Each structure stands twice: as structure tokens, then as C-alpha cells.
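# Remarks on the overall topology
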Amino acid sequence: MTKINKPSNRFSLRTLILFLVPIILLAGVIALFLSTGGGLNLTPAAPVEELTVERYVLDRGSIELHVRNTGPQELTVAQIVINSAVVRYTIEPSTTIPRLGYAEIHLNYPWTYAEAYTITIFTSNSIPFEVEIPVAFETPDPSASTFWGFTLIGLFVGVIPVFLGIFWFPALRQLGRQAMTFLMAATAGLLVFLGLDTLAEALEVAGELPSVFQGIGMIGIGAVTTFLLLDAISRQQTQVTGDEATRRLSIAMMISIGIGLHNLGEGLAIGAAYNIGEIALGTFLVVGFIIQNITEGLGIIAPVLRDRPGIGKLALMGIIGGGPAIIGAWIGGFSPSPFLAVLFLAIGTGAIAEVVYEIAKLIKKDIEKQSMPYAVFSGVLTGMLLLWVTGLMIK
Amino acid sequence: MKQLSRRDFLRTGGLVLAGAAGVAAVSKPVSPSSHPPHQHDQMDHPGDLPGTVGEVDHAKNGFDPTQILTDFDYGKVSTLPGGQILREYEVISINKDIEVVPGIIYPAWTYNGRIPGPTLRCTEGDRLRITLKNGSNHPHTMHFHGFHPGAMDGVPGSGPGGSVEPGGSFTYQFDADPFGVHLYHCHIFPLARHIAKGLYGAFIIDPKGGRPPVDHEFVMVMSGFDVDFDDENDFYAVNAIPFHYQNHPIPLKVGESVRIYLVNILEFDLLNSFHLHANFFQYFPTGTSMTPAEFTDTVMQTQAQRGIIEFSYRYPGMYMFHAHNTEFAELGWTGMFDVTE
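Note that the structure is predicted; figures quoted are calculated from it, not measured.

### Here's the deal with the overall build of chain A
Within chain A, the regular secondary structure consists of eleven helices and nine strands. Against the 2.2 N^0.38 benchmark of 21 Å for 395 residues, chain A shows a C-alpha radius of gyration of 27 Å, more extended than a compact globule. On the principal axes, the C-alpha backbone points of chain A span a range of 80 × 70 × 35 Å. Relative to its 395 residues, chain A shows a buried fraction of 43%. In chain A, 82% of the contacts between residues at least 6 apart in sequence involve partners at least 24 apart.

Set out below in C-alpha cells:
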């Protein structure tokens, strides 16, 4: 291989044809395969069907099922059995649901508060699909009072703790440089803990998704692209300003975005759980929850302790960090979607990972200026232990 | 017990708050919705009576439970040289897709293309010749309950009649005895599957001189369908089609005498039962006596138990009859007598 042809940048007809050859061949292979079956016997003994119940809505004397055909071909709903009784139903738009199509099944059924139900949907191929209602109670409607209810949930689990953490700002400003670096490391520790939690949750919800949506792949797309996008934004800002303080502020902003996405995921889970009637255990847990999430506010302000960000900026970061819990609760409560949940959790994972990376760069600079051998180790450990120990209180 | 995760905690925490916030649910109006195709315009049941949506295609199935009620096959009758009555029957076993519940096609195995198979009826002492032709792709037999020689038992190992191969045939020959209500079914391994798939039918031997005349005689064969093959019945019925006599009540007049030949061939479940509303009946277990054994409104039968039920209605009205295993009733084994003046 000594002779090197200098590639021509011009796009000639010949290049076009060369590009098209494999595609034309592909079309030929597909056509051949479709017409002959390629010598394979691909007729299954029984049809492969998959029906996913995305949501159920309980109303007085009725149950509504939101179903999606996640199988490889269309299917037809034939009969429905609730707790060993065949029940009449109506279905919109049609008993036959196309691939990835959606339908709403309406059942008149005198369900009883707090009892459990198993609903079996038989397709025309006698394939049963079951949905369990572990605790029956009326599904909240998007009325003013439920809206306010979910808003309060979001306030308690997201906004209030984050702001309480931010209120440490004046006190923490009194700390020395080494303590501030320690706090930054602690923030990194917190974020690593939260990131793992977010990723674990994303994986868990992805497992519940119908396989056609490829939940794990979605986590990859959401997390990796978010990481790279935030990284690109951060590089661009460094190029534009080069100012250390602005850079630290933008990192604080990114921390609040990452924490916000994490809280959005928490809100989604809370809203969805409320929707299917997971039972409350006690106010002690809520208190524990507030204590644990205070650390999130602390994390947001850690990078900007040596600067003088305006109150407005701090408030904005608090809202970005905590507010999404409210939005998540709304979405989860009124229109829970495991698909969206996986996406948000994946984005949260990527964002948190990127923010940890940014903090690591800041800490590295600090360490280069002043030697503090154990600040990072003890800080990260403290941050992680903080969440772990407060977690003990609430589990 | 389920381990609580952080999310579980969040859920619980959130719920306390939701409760504190007084989250109220408001019932919303039922939106108008399209009805499934192939729906039947029979009585629109008010309230929450269980039932299937739509109606099976009886013509395509090749049988109608309403007709099966009174469809007795007396065979081709002739007299043997000795004066004995000879009855000859032809039964063919075939695979057949049957719409057992509206919208659900079950790959059934049948005698004469119907479930239950033909109700074979004769008189005590008759010579019976029942020819089974196997038009399916599995070996099948007809195993009769009653007196007969071992070679006529329709059980593997009992000779050519013990396994009639696809395309083959065999004639079971024996004298009808004892009188009563009996049954026949396939006896090929795996037995539970061969029965559950639909290979069964009623076999009635009348006493010499017959039973006292009544206004109506009905055959009711209790069975179920395991449509998803998990060895548990998904639907139950008399004469195969769930809810058929609820959707198509059996008409009666006040005071008319009714005799039901009741047979239980239900697979997978231990017991079945028959309960008559607002009435009592005389019960003749296995129909082998002319004297009733019990005056009751509910009888229980295990698989292959059978009996004769006799009653009449005093008052007009719609009266249920159903398995008093309520689960079976709500999964299809329920029906109505429509009694008028």
C-alpha cells in the first residue's frame, strides 16, 4: 500500500452510484426475502401478541383501561374478565388495535374502595393479558384541588428543601478556602449518590417498559447526549467569557439543572404512585425527606460561595433545582408515562454526571493552588454519607 | 415483604401530603364510546350483570345451544331377527375452530362438529352400534359409561376400539344398560386435554316403557373452556357457549313439567353444580331409579356425575339457573327460564 490516491472532494455521479449500490442491493434482498421467505419457515404456531396496560382510571362504578398494542402485529380484544367474572365492555376507537396503537377500554364495574382487582383481557387468539389493581380508589382528576395537592407535594419534596439549603449561603461564605473546597467535594459526593439513585431508578422503570421501546437504549441516548451537550455548552461559555466567577456561576446553574431533573424524576414517581394508590406511612417520613433534600440546596451554592451572586440568581437556581418536583408530580399524577419517566431520569443521570465532572475540574484548580491532601476524599465521603445516613432515617 | 426503596419512600411521603392537601376526586361523566363490532342487540342488561360482549356465530360454529337442548339422536332404527331393536349411530371426530366466546376462536376437537357431541338416546336393552370415524389428526375413542364388554370400552389397550387412528373407524357394539342418564367421551392420553378440547356428549338410556311424559325434556352438559391452555378453565357453560341461556332465555309456561338430563364433564375443576331459582326439583342421581332421591334446589356433581332433574314453575317470571359455584356462574355457566302464563 504505497500508492495513495488523493481523494477528490467533488461529489460526482460515480460517487452517487457507488453510494446507491448497497441500498439497491438491500432493496433487492428485502424484496426477495418478502416474496420467498428466504427458505425460512417464519409462521409461528401461535400468534405473538403483546398488550400493555399503560394506565387505569377508576371512577365511581367504572374502570377505564388505557392499553397499547406493543406486539409485532395488530390484535383484537375479545373479552374481559374481572376477578373471575366476565364483564361487558366498550372500547374506543376499535376492538382491533394496530401495532403500537392505543385504545381505551371502558368497564362498568361496581368496584369497592381499597379492594384488589385482577383484570384479564383476552384477545381473539385467546391470549390473556392481566393488569392488577392492588388498591382500588378513585383516580384523582385534574381538578383545582388535586392540582393544588400535587403542587404542595412538589413544594415539600423539592422547592422547600432546596431553598432551605440555599439559606446557608451567608453562613458558608464565612468559611475559608479549604473548607469551601471541602464543600465542593461534598457536593460532588452528593451528586454521585443522587446520580446512582437516578440511574438505578431509570433502569428499574426501563424494565417495566414494553420491550419495543428499548428502555435501556433510551437511557443510553438520554444520559450520554445530555452529558455531551452540557459539556459542549460549558466549553462554549469558557471560550466566550473566560471569567472564573462566571464559570463558577454557570456550574452552579448546571448543578441546579441536574438536581432539578433528579427532582422531576422524584415528582413523577410520587405522582404516579399516588395515582395507583400506594399507601401513606406517616409524616415522620416527610420530615426525613425534607432533611435529606436540604443537602441538594447546599450543593447548588457550593461553587459560588466565594463570589457574590445576586439574590435573584440564587432564587432562580432554587426554583430550577426544586420546582421540577412540582411539574413531575403533575405529570405523574395526571398522565403517568413510564416512557417519559425513563427519558427524564436518563437526562437527569447524564446531567448529574456532567456536573460532577465540572466540579471535579473546579476542585482540581483549587488543589493546584493550595495543597489539601484529604479535602477531596473527606468531602466526597461526607457528601455520600450525608445522603446515606439521612436515607437510613427514611427507609 | 417488598423492600422499600427510596422511591417507595418518596411515594409514601408524597401520599401523606396528598392526603393532607385534601386531594379529592370528582367523578366525571362516562364518555360515549363505540360498541365493539359484531355486537348483539339482545337485552341491554341494566346494572352490572356479568356477560360477554357480542354473540358467537352459531351458524359458523355449526350448532346452537338452544337447539342442542332438545336435539336427541335416536340413531337408525331397525329390528334384529330376534326382535331386539337395533340402533346405529355414526359419529365422526374432527378438529374444528369454534367461537366459544364472542371473538375467541378455540381450536376444539369435536364429535360431529359440535360441543357437546350428539345426545345419543335409546331404550334399555336396545342393541347399539356406534361407528366412530376419525376425521382428525389425533387418535380418538368413544368411551361409554354403562355395561359393555372390555373390547368395547374405548380405552387404549382394549383392542382396535381403544385407539381409533386418524382416518380409521371402529364400531362399538353393546346392549344399552342400565337405564339412566350417562355420558361418553374420548379416553386417549392425555385424557384431560382430550376431554377439555370438546370430546364428550350425553348418552341417555330410557327405561323400558319410558319415563312419565313431561312437557319439556332438555339436555344440559356442563363444561368449561381453558382457552389459554394453562389447565384452568377461563369460561364455563352448559352446552358449551357461556351465557347463552342468559342471552336467550328458555321459554316455559306456568305449570309445564320439565325434565333436565344434567351431565357434568367439567375438566380441571373438582366440582360443578346446578341451582334453580325460586323453585325446587326432584333429583334422580344417574337417572337409574324411577324414584327421586332428593327434593332440593341445588345439586353438586363431580366430573362424569349426572342426574335427572324434574320440576315445574308455579309463577310467571324470569328465573335464573346456574352453577352455585358463583365463580363459574359469572364466567358463563348461567341461564334463564322465561316463564309466562
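### Details of the overall build of chain B
Check the secondary structure of chain B and you find six helices and 21 strands. Split into buried and exposed, the 341 residues of chain B put 46% on the buried side.

### Comments concerning the nonpolar core
For soluble globular proteins, the rule of thumb is that nonpolar side chains tend to be buried together. The biggest cluster of nonpolar side chains holds 108 residues, and the ones touching the most others in it are Ile80 of chain A together with Val100, Ala202, Val221, Tyr261 and Val263 of chain B. The element best represented in this core is strand β3 (residues 75-82) of chain A, accounting for six residues. In this structure, Val221 of chain B is in contact with Pro116, Tyr200, Ala202, Val238, Asn239, Val263 and Ile265 of chain B, ignoring residues within four places of it in sequence. Counting residues in each nonpolar core, the second largest holds 73 residues, with Val157, Ala185, Leu261 and Ile352 of chain A among its members.

### Some thoughts on the packing of helix α2 (residues 144-166) of chain A against helix α9 (residues 324-334) of chain A
Between two packed helices, both the angle of their axes relative to each other and the distance between the axes serve to describe the pair. Residue and element names in this part refer to chain A. One way to put it is that α2 packs onto α9 with a least axis distance of 7 Å and a crossing angle of 140 degrees. Judged on the interaxial angle alone, α9 and α2 are oblique. Viewed along their axes, α2 and α9 form a crossing whose handedness is right-handed. For the pair α2 and α9, contact is made by Phe150, Thr151, Ile153, Gly154, Leu155, Val157, Gly158 and Val159 and by Pro324, Ala325, Ile326, Gly328, Ala329, Trp330 and Gly333, respectively. Among the residues forming the contact of α2 with α9, the class breakdown is ten nonpolar, five polar and no charged.

### Examining the environment of Glu354 of chain A
Residues and elements named next belong to chain A. You can see Glu354 is positioned in helix α10 (residues 338-369). A C-alpha to C-alpha distance of 6.8 Å links Glu354 and Leu230, two positions 124 residues apart in sequence. Not counting the four nearest positions on each side in its chain, Glu354 is found in contact with Phe227, Leu230 and Asp231.

### So, helix α8 (residues 311-322) of chain A
An ideal rise of 1.5 Å per residue puts 16 Å on twelve residues; α8 of chain A measures up with 16 Å between its terminal C-alpha atoms. Those residues of α8 of chain A not exposed but buried are Leu314, Met317, Gly318, Ile320, Gly321 and Gly322 of chain A.

### Remarks on unusual backbone geometry
All names here are of chain A. Looking along the chain, the bond that leaves Glu92 and enters Pro93 is cis, with omega of -5 degrees. With respect to the helices and strands, the residue Pro93 is situated in the loop between β5 (89-92) and β6 (96-97). Backbone geometry at Ser84 places phi at a positive 65 degrees, although glycine is not the residue there.

### Thoughts on the sheet that holds strand β7 (residues 102-108) of chain A
Residue and element names in this part refer to chain A. The sheet built from four strands is open, its strands ordered β1-β2-β7-β5 with antiparallel pairing. Strand pairing shows two members of the sheet lacking a second neighbour, β1 (51-59) and β5, which therefore form its edges. Strand after strand, the sheet turns through a mean of 20 degrees between neighbouring axes, direction not considered. Sheet topology places β1 next to strand β2 (residues 62-69); eight bridges connect them, and they run antiparallel. By the bridge assignment for β2, Tyr56 is matched with Leu65.

### Things to note about the pairing of β7 of chain A
All names here are of chain A. As defined by bridge partners, β2 adjoins β7 across seven bridges and the pair is classed as antiparallel. Its bridge partner lying in β7, Glu64 is registered against His106. As paired elements, β5 and β7 share four bridges and run antiparallel to each other. Among the inter-strand pairings, Tyr89 is bridged to a residue of β7, identified as Leu107.

### A look at the sheet that holds strand β11 (residues 216-225) of chain B
Backbone-to-backbone hydrogen bonds join strands into a sheet, with any given pair of strands oriented parallel or antiparallel. All names here are of chain B. The strand order across the open sheet built from six strands is β12-β11-β14-β19-β16-β17, with neighbouring strands paired in mixed fashion. Taken across any chain shown, the strands that pair with only one partner, and hence form the sheet edges, are β12 (235-238) and β17 (294-296). Going from strand to strand, the sheet's axes swing by 25 degrees on average, the running direction of each strand aside. Of the strand pairs in this sheet, strand β14 (residues 258-264) and strand β19 (residues 306-311) are connected by six bridges, and their pairing is antiparallel. Paired with Val263 across the strands is Arg306, a residue of β19.

### What about the packing of α2 of chain A against α8 of chain A?
Residues and elements named next belong to chain A. At a minimum axis separation of 8 Å, α2 and α8 run at an interaxial angle of 145 degrees. Crossing hand, α2 versus α8: right-handed. Residues Gly158, Val159, Pro161, Val162, Phe163 and Ile166 of α2 form the contact with α8, whose participating residues are Leu314, Gly318, Gly321 and Gly322. Across the contact of α2 with α8, the residue classes break down as six nonpolar, four polar and no charged.

### Description of the domain arrangement of chain A
In terms of domains, chain A is made up of domain 1 (51-133) and domain 2 (144-394). Using C-alpha coordinates to define each centre, domain 1 of chain A is positioned 38 Å away from domain 2 of chain A.

### Re the environment of Ile85 of chain B
Relative to the helices and strands, Ile85 of chain B resides in strand β3 (residues 85-101). Not counting the four nearest positions on each side in its chain, Ile85 of chain B is found in contact with Val77, Thr79, Thr123, Asp126 and Arg127 of chain B.

### Here we look at the pairing of β3 of chain A
All names here are of chain A. Counting buried positions over the eight residues of β3 gives seven, a clear majority of the element. Relative to β6, β3 runs antiparallel, the two sharing two bridges. In the strand pairing of β6, Thr76 is matched with Thr96. One ladder, built from five bridges, connects β3 with strand β8 (residues 117-123); its direction is antiparallel.

### Looking at the confidence of the model for chain B
Residue and element names in this part refer to chain B. Confidence along chain B averages 87 in pLDDT terms, with 86% of residues attaining 70 or more. Mean pLDDT in chain B bottoms out at helix α1 (residues 6-20), which sits at 36, and peaks at strand β16 (residues 281-285), which reaches 98. In this model residues 1-47 is a low-confidence stretch, pLDDT under 50, and it forms 93 contacts with partners more than four residues away in sequence or in other chains. Interface confidence for the predicted complex, expressed as ipTM, amounts to 0.75; the pTM equals 0.75.

### Details of the environment of Pro22 of chain A
Structurally, Pro22 of chain A can be placed in helix α1 (residues 13-36). When the C-alpha positions of Pro22 of chain A and Ala144 of chain A are compared, they lie 59 Å apart, and in sequence the two are 122 residues distant.

Reading guide: rules and limits
- Residues numbered from 1 in each chain as written.
- Chains lettered and ligands numbered in written order.
- Predicted model: local features only at pLDDT ≥ 70, side-chain atom pairs only at ≥ 80, totals over all residues.
- Helix = DSSP H or I, 4+ residues; strand = E, 2+ residues; numbered from the N terminus.
- Rg over C-alpha atoms; globule rule 2.2 N^0.38 Å.
- Buried ≥ 20, exposed ≤ 12 C-beta atoms within 10 Å, placed from the backbone.
- Contact = placed C-beta atoms within 7 Å.
- Core = buried A, V, L, I, M, F, W, Y, C linked by C-beta atoms within 7 Å.
- Axes fitted to C-alpha atoms, helices over the stretch in contact; angles between N-to-C directions.
- Parallel < 35°, antiparallel > 145°, perpendicular 65-115°, else oblique.
- Left-handed = near helix turned anticlockwise from the far one by under 90°.
- Nonpolar A, V, L, I, M, F, W, Y, C, P; charged D, E, K, R; others polar.
- Expected span 1.5 Å × (residues − 1).
- Pairing = 2+ DSSP bridges.
- Domains from an automatic or database assignment.
- pLDDT = per-residue confidence, 0-100.

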